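Here are the chains, one letter per residue:
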Amino acid sequence: IKMNAIDTSKLEIGTYFTKNVFLDQGFLLLTPEVPVSQELVTRLKKWNFRIIYSEGETTKRPVYKTEKKVIEADLSIERNEEEKNVRTEADKYFTDCVNFFKRVFEKYIKNDDLDRGLIIDKIKEMRQTILNNKDIYLNLSDIPNEKEYIVVDAVKTAIYAVALAELLKFPVHRQIDIGVAGLLHDIGMLKIPRQIYLNDRRLNEQERKIIQAHVNLSAQALRKANFSNDIVQAILEHHENFNGSGYPQGLDGTLLTSYGKIVAVVSAYVAATSSRLHRDKMQGHSGVIDILKQTNKKYDPQITKALILMLSIYPLGTFVELENGQKGIVCKTSIYNPKNPIVKLLLDANNEPFTVHKEVMTIKEGSTIKRALTESEILNVKNVYKFTNYLQNPEILTKG
């Protein structure tokens, strides 16, 4: 695709582009409904980027037409049963992947051996499966009675890392590299005594130092297995912080690789939205907000922005209240409008269940999202309906 080269010195504050705008013809910088801001112009000048790229042209108004057309077409299709089948197959595939990598990790524990070819081939297969149904794989169901969070989080991190690398227009081989790094970022943790990382209390200082050793242990394991230097470097950097306050080397954002920055933010989101013995998991929206609060401190702002575009401010499966008092669950998101996902309505403004559960575009006046529901409010919704997750069971809900 041929893109137009745009002189950054000629950007006008408040204007929009009719198509996505990219940095270095690869990194997504702006979408059609996001205006050129003074902050963006200042940063481009600071970073010495004189040219950016887009297929589109500048305009005075945001562009929603293409996305709106896609959404309206999507809403007109009866897809409940199909979605249910896809969800079931995705959950089964995810469980199969977890079991596959359990065996890989068990072999590493016993024999100190990682099968490089086997791992890369599996990530290649996973990449194709994930990208065919990205919405489903970015909101996977928990595996019942699964207590070994390391392998589950490893597979989830690989999935999110591949999806984010694809959004950022990385070449296929680099998407696979990043997926491998996401999968193996915590492999060294398995060489640490289980009673340290599998406990329901805060760690003391000595235990924290032992936990931090997993970074070098992971890197050593990958070097021994002859993984590429790029993958090893990502492993070494996934606990480094953008402001230089991380470990093991205290590197700042100017010295960190894109691989390392991606694995850092993705693994943090996965960890925040996964259960631990000492805490409950966050809802997707809370996990996103937690990442945003740490941007420029722990996480690279551009990688964070890409994550938000991929997940939305209100990720799939988030229970929300709209400005009109109605409550529902996010059932579809869009990179073109991450603040306004599609919501399936569940309760009216009086907390009474709808008899027809229609989907609404939250960009419309009166239907915008006011807030995410609290845990107690979510429990109340779940008590009204016999379901645990709309995306897991998307047929017309019946009253409990």
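Just so we're clear, the structure is a prediction, and the values are computed from it rather than from any experiment. (Residues numbered from 1 in each chain as written. Predicted model: local features only at pLDDT ≥ 70, side-chain atom pairs only at ≥ 80, totals over all residues. Heavy atoms only, no water.)

Engineer: Would you take a moment to explain the overall build of the protein chain for this structure?
Structural biologist: Tallying secondary structure elements over the protein chain gives 15 helices and eleven strands in all. Every one of the 400 residues in the protein chain was classed for burial, and the buried ones make up 51%. The long-range fraction of contacts in the protein chain, counting pairs at least 24 apart against all pairs at least 6 apart in sequence, stands at 65%. For the protein chain, the exposed area adds up to about 20,000 Å²; of that, 49% sits on carbon and sulfur atoms. (Helix = DSSP H or I, 4+ residues; strand = E, 2+ residues; numbered from the N terminus. Buried < 20%, exposed > 50% of the residue type's maximum accessible area, 1.4 Å probe, protein only. Contact = heavy atoms within 4.5 Å. Areas by Shrake-Rupley, 256 points an atom, 1.4 Å probe, with all protein chains shown as cover.)

Engineer: Would you mind going over the packing of helix α12 (residues 258–272) against helix α13 (residues 284–293) with me for this structure?
Structural biologist: Geometrically, a packed helix pair is captured by the angle between its two axes and the distance between the axes. Between α12 and α13, the least distance of the axes is 9 Å, while the angle of their chain directions is 140 degrees. One way to sum up the angle between α12 and α13 is to call them oblique. The hand of the α12/α13 crossing is right-handed. Across the interface between the two elements, V265, A268 and Y269 of α12 pack against G284, G287, V288 and I291 of α13. Class assignment for the residues of the contact of α12 with α13 results in five nonpolar, two polar and no charged. (Axes fitted to C-alpha atoms, helices over the stretch in contact; angles between N-to-C directions. Parallel < 35°, antiparallel > 145°, perpendicular 65-115°, else oblique. Left-handed = near helix turned anticlockwise from the far one by under 90°. Nonpolar A, V, L, I, M, F, W, Y, C, P; charged D, E, K, R; others polar.)

Engineer: It is not clear to me how the sheet that holds strand β10 (residues 359–361) should be interpreted in this structure. Could you clarify?
Structural biologist: Strand pairing in a sheet relies on backbone hydrogen bonds, with the paired strands running either antiparallel or parallel. One open sheet accounts for five strands, arranged β10-β9-β8-β7-β11; its pairing is antiparallel. Each edge of the open sheet is held by one strand with a lone partner, namely β10 and β11 (369–372). On average, adjacent strands in this sheet sit at an angle of 45 degrees to one another, irrespective of strand direction. Alignment of strand β8 (residues 327–332) against strand β9 (residues 342–347), held across five bridges, turns out to be antiparallel. Looking across to β9, one finds that K327 is bridged to L347. Sitting on the sheet, helix α15 (residues 375–384) touches β7 (319–322), β9 and β11, and the angle it makes with β9 is about 70 degrees. (Pairing = 2+ DSSP bridges.)

Engineer: In this structure, what is going on with helix α6 (residues 149–167)? I would like to understand it.
Structural biologist: Residue pairs three or four apart in sequence face the same way in an α-helix, which turns once every 3.6 residues. Under the 1.5 Å per step criterion, the end-to-end length of α6 is 27 Å for 19 residues, consistent within 8% with the ideal 27 Å. Of all 19 residues that make up α6, 18 are buried, and the element is covered over most of its length. Trailing α6 by a residue or two, K169 shows a phi angle of about 65 degrees, which is positive. (Expected span 1.5 Å × (residues − 1).)

Engineer: Could you clarify how one ought to interpret the confidence of the model for the protein chain in this entry?
Structural biologist: Caution applies to low-pLDDT parts of the model: their predicted coordinates are not meant to be read in detail. When pLDDT is averaged along the protein chain, the result is 85; 87% of the residues meet or exceed 70. Every residue in residues 65–79 scores below 50 in pLDDT, and together they form eleven contacts with partners more than four places removed in sequence or on other chains. (pLDDT = per-residue confidence, 0-100.)

Engineer: Where do I start with helix α7 (residues 172–184) in this structure?
Structural biologist: With 13 residues, α7 should reach 18 Å at 1.5 Å per residue; the first-to-last C-alpha distance of 19 Å fits that figure. Buried residues dominate α7, accounting for ten of its 13 residues. The set of residues buried in α7 consists of Q175, I176, D177, I178, G179, V180, A181, G182, L183 and L184.

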